Amino acid sequence: MDDNSPIWETKRQLKILAQAETNPQYGRRPAERSIEEHLRLGTINLDKPPNPSSHEVVAWVKRILGVSHAGHGGTLEAEKPGRPDGYGRTPHHA
Amino acid sequence: MVTGVLPITLEDATKAIQVFLLSGKEYVCLMHLHGDIPEETIKSALHEFTGEIYQKPPVRASVKRETRRRTIYKIDLLEIDGRRVLFRVACQAGTYIRKLCSDMGEALGCGAHMNELRRTRAGPFNEDDNSYTLHELQEAKRVYDEEGREEQLRLVIQPVEGAFKYLSKIYIRDSAVDAICHGAELAIPGIVKLETGIKPESLVGIFTLKDEVVALAEAQQSTESILAAEKGIAAKTKRVIMRSGTYSREWRSRQKPN
């Protein structure tokens, strides 16, 4: 996805192909979601503390929010060797 | 000690996880050299490891241990204090910084290891931008549960659309949305507007006209060729994020029996 420069340095422009309206009956702007929808389609820019593994952090987030699934984008710290994955397993994560 | 930006996706947002996994990262790293090396030599080693490098994943890696090519976009030296070297590095996804340190140590002849690492950016997420700790998340949830106030929770948790900040987006007609939710390819007549920078095989976000993400897709053509064509497939749907039935199913009733 990245070539020779990081993705955050890419500049983009919007091009119009056709004119169209959207029906207010369907869907909803992201800022207008109910709190349930907001959680279901939510992300957290988490500042990971030093000790728990990325894996454990996901388990904690799930427990705090009471959500059934969560994932993390890019392990921050290799899982510790010889340490059982004890803090509530997260079977569904990327 | 490893800290910093860890993007978390909740429930349906987890379908967008690839955006984070595949995009570049930025770290501040404290490297410890195992010998005394002149500053100029350290600087040239940092320079040497910028651009394309070859890296063999460490023994305990989540990927196959095969030497692979990675791009280091930039290394900025922040401070040298004796054998301790503090630097900022921007790199392609899948670069092991611990390995980068030990490889630099080998190149310098003295050996080195990574002491501390802080991730300051993971693709669209930056440490200066709406970054929160587990405690802040817990507090936001408590305020919501006990006082019924949502504001804090809506601040700590951000819509999944933010993950697409740096991907090119394609905005589609209401009538094309539900077909995409069922995994259909995106045909050019369904497009209303799109961003520049799309190339064949690049990851793109398919969005509604209400700025909701529908799916993550792989472009089949460039922005320019999509703009020039009247029909054909613009993108193949890879991960559907929006639930089907959110938009009307008119695409079905319009299908003619053969």
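One can find the structure itself at the top, above this paragraph.
Note that this is a predicted model, so its numbers are computed, not measured.

Participant: Hey, could you run me through the overall build of chain B in this one?
Facilitator: Of regular secondary structure, chain B possesses eight helices and 15 strands. In terms of overall size, chain B is more extended than a compact globule, its C-alpha atoms giving a radius of gyration of 23 Å where 258 residues would be expected to give roughly 18 Å. Judged by the C-alpha coordinates and their principal axes, chain B covers about 75 × 50 × 30 Å. Within the span of chain B, comprising 258 residues, buried residues form 52% of the whole. In chain B, the proportion of contacts linking residues at least 24 apart, taken out of those at least 6 apart, comes to 65%. Split by element, the accessible area of chain B, about 11900 Å² in all, is 46% carbon and sulfur. Charged side chains of chain B number 38 positive and 37 negative; the gap between the two group centres comes to 6 Å.

Participant: So what exactly am I meant to see when it comes to the sheet that holds strand β14 (residues 213-219) of chain B here?
Facilitator: Strands in a sheet are paired, the pairing made by backbone hydrogen bonds, and the direction either parallel or antiparallel. Across the sheet, seven strands lie side by side as β1(A)-β12(B)-β10(B)-β13(B)-β14(B)-β15(B)-β11(B); this open sheet has mixed pairing. Lying at the two open borders of the sheet, with one neighbouring strand each, are β1 (14-16) of chain A together with β11 (186-187) of chain B. As judged from the five bridges shared by strand β13 (residues 203-207) of chain B and β14 of chain B, these two strands associate in the antiparallel manner. Bridged to Val 204 of chain B within β14 of chain B is Ala 217 of chain B.

Participant: Got a minute to help me understand the nonpolar core in this structure?
Facilitator: Side chains that are nonpolar tend, in soluble globular proteins, to be buried together. Core analysis: the largest hydrophobic core is formed by 49 residues, its most contacted members being Ile 44 of chain A together with Phe 87 of chain B. Setting aside residues no more than four positions away along its own chain, Ile 44 of chain A makes contact with Val 61 and Leu 65 of chain A together with Leu 6, Pro 7, Ile 8, Leu 10, Phe 125, Leu 137, Val 156 and Ile 157 of chain B. Judged by nonpolar contacts, the second largest core, of 25 residues, contains Trp 8 and Leu 41 of chain A together with Leu 167 and Phe 207 of chain B.

Participant: I would appreciate a short explanation of the pattern of salt bridges in the present structure.
Facilitator: Side chains that carry opposite charge are capable of pairing whenever their charged atoms lie near each other. All names here are of chain B. Under the criterion given, the structure shown has 24 salt bridges over all chains. Arg 118 is the salt-bridge partner of Glu 127, the closest N and O atoms lying 3.0 Å from each other. You can call Arg 118 partly exposed: its relative accessible area is 24%. One salt bridge connects Glu 146 with Arg 142, and the closest N-O pair in it is separated by 2.7 Å. Here Glu 146 and its partner Arg 142 are both found in helix α4 (residues 134-147), four residues apart, which amounts to about one turn of the helix.

Participant: Mind showing me how you'd approach the interface of chain A and chain B here?
Facilitator: When the parts of a complex come together, some accessible area is lost, and that lost area is often used as the size of the interface. On the side of chain B, 80 residues touch chain A, which itself brings 68 residues to the contact. Taking both sides of the interface into account, the surface hidden between chain A and chain B amounts to around 7000 Å²; carbon and sulfur atoms contribute 62%. Among the residues of chain A in contact with chain B, Trp 8, Thr 43 and Asn 45 of chain A are the three that bury the most area, contributing 12% of the side total. For the interface between chain A and chain B, the tally reads four salt bridges. Here Asp 47 of chain A and Arg 118 of chain B are joined by a salt bridge, their closest N and O atoms 3.1 Å apart. Linking chain A to chain B there are 37 residue pairs in polar contact (both at pLDDT 80 or more). Listed by contribution, the elements that provide at least two residues to the side of chain A that touches chain B are β1, α1 (35-40), β2 (42-48), α2 (54-65) and β3 (70-72) of chain A. By residue class, the composition of the side of chain A that touches chain B is 32 nonpolar, 21 polar and 15 charged. For β1 of chain A and strand β12 (residues 191-195) of chain B, the ladder comprises three bridges, and the chain directions are antiparallel. When the sheet's bridge partners are listed, Leu 14 of chain A is paired in β12 of chain B with Glu 195 of chain B.

Participant: It is not clear to me how the packing of aromatic side chains should be interpreted in this structure. Could you clarify?
Facilitator: Working definition: an aromatic ring pair is given by the centre-to-centre distance plus the angle between the planes. Residues and elements named next belong to chain B. Applying the stated rule across the entire model yields four aromatic pairs over all chains. Members of the aromatic cluster, joined through ring pairs, are Phe 164, Tyr 171 and Phe 207. When the ring centre of Phe 207 is taken as reference, the NZ or CZ atom of Lys 169 above it lies at 6.0 Å. Just above the ring of Tyr 171 sits the side chain of Lys 193; from NZ or CZ to the centre is 4.9 Å.

Participant: Can you help me understand the side chain of Gln 221 of chain B in this one?
Facilitator: Residue and element names in this part refer to chain B. Here Gln 221 shows up in the loop between β14 and α7 (223-228). By relative accessible area, Gln 221 is classed as buried at 16%. Polar contacts involving the side chain of Gln 221 include one to the side chain of Ser 225, which spans 2.9 Å. Contact partners of Gln 221, with chain neighbours within four places excluded, come to Ile 188, Ile 198, Lys 199, Pro 200, Ile 226, Gly 232, Ile 233 and Ala 234.

Quick notes on the rules
Residues numbered from 1 in each chain as written. Chains lettered and ligands numbered in written order. Predicted model: local features only at pLDDT ≥ 70, side-chain atom pairs only at ≥ 80, totals over all residues. Heavy atoms only, no water. Helix = DSSP H or I, 4+ residues; strand = E, 2+ residues; numbered from the N terminus. Rg over C-alpha atoms; globule rule 2.2 N^0.38 Å. Buried < 20%, exposed > 50% of the residue type's maximum accessible area, 1.4 Å probe, protein only. Contact = heavy atoms within 4.5 Å. Areas by Shrake-Rupley, 256 points an atom, 1.4 Å probe, with all protein chains shown as cover. Lys, Arg positive; Asp, Glu negative; His and termini not counted. Charge placed at Lys NZ, Arg CZ, Asp CG, Glu CD. Pairing = 2+ DSSP bridges. Core = buried A, V, L, I, M, F, W, Y, C linked by side-chain atoms within 4.5 Å. Salt bridge = Lys/Arg side-chain N within 4 Å of Asp/Glu carboxyl O. Buried area = accessible area lost by both parts, 1.4 Å probe. Polar contact = N/O pair within 3.5 Å; in protein donor to acceptor, adjacent residues only side chain to side chain. Nonpolar A, V, L, I, M, F, W, Y, C, P; charged D, E, K, R; others polar. Phe/Tyr/Trp six-rings, centres within 6.5 Å; stacked < 30°, edge-to-face > 60°. Lys NZ or Arg CZ within 6 Å of the ring centre and 35° of its normal.

Geometry only, nothing functional implied.
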